[in-house]
Amino acid sequence: IYLYKIIFDYKAEELPPPQPKEMRPSLLIKKVLRNVKVYFDYNKADIRDDAARILDKAVGTLKRNPDASILITGNADVRGSEDYNEKLGRRRGDAVKQYMLDNGIEEDHIKIISRGK
């Protein structure tokens with residue numbers, strides 16, 4: 001989870017057409033305020049008590065920095081298929097997002113990326 005200061009979202013209509021095989025970032029992070037890790041039990045997407053304590057600190061950082069946002073990267077281990085791990089990473093990211101929403105962080109300040117395994 002990255003708590004970051006400014007996100008620039010690149011929208012296709014704002015850029016010239018891409019060149020063949022051109023890679024473009026979807027986000028540029030100007031400043032990382034805090035990088036935190038939370039762990040999940042095997043094959044689960046429930047927020048554990050130890051993760052809740054970490055996320056509470058992240059909520060505090062976001063509230064002290066109202067221009068900041070959070071980038072949640074959901075991950076899984078190497079067990080399971082690529083498709084399954086992608087979905088599990090997304091469920092984990094969604095669980096963190098819901099925790100943030102439940103604690104007063106506005107939805108437009110939350111981005112999720114699932115990295116699978």
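Residues numbered from 1 in each chain as written. Predicted model: local features only at pLDDT ≥ 70, side-chain atom pairs only at ≥ 80, totals over all residues. Heavy atoms only, no water.

Some remarks on the pattern of salt bridges
Item 1. Applying the stated criterion to the full structure yields 5 salt bridges.
Item 2. The closest approach of N and O atoms between Asp50 and Arg48, which form a salt bridge, is 2.8 Å.
Item 3. In this structure, the salt-bridge partner of Lys87 is Asp83, at a minimum N-O distance of 3.3 Å. Of the two residues, Lys87 and Asp83 both sit in helix α2 (residues 82–102), 4 residues apart, roughly one turn of that helix.
Item 4. Its relative accessible area of 48% is what places Asp83 among the partly exposed residues. (Salt bridge = Lys/Arg side-chain N within 4 Å of Asp/Glu carboxyl O. Helix = DSSP H or I, 4+ residues; strand = E, 2+ residues; numbered from the N terminus. Buried < 20%, exposed > 50% of the residue type's maximum accessible area, 1.4 Å probe, protein only.)

Some points on the side chain of His109
Item 1. Secondary-structure assignment places His109 in the loop between α2 and β6 (110–116).
Item 2. A distance of 2.7 Å separates a polar side-chain atom of His109 from the backbone oxygen of Ala68.
Item 3. If sequence neighbours within four positions are ignored, His109 has contacts with Pro66, Asp67, Ala68, Ser69 and Ile70. (Polar contact = N/O pair within 3.5 Å; in protein donor to acceptor, adjacent residues only side chain to side chain. Contact = heavy atoms within 4.5 Å.)

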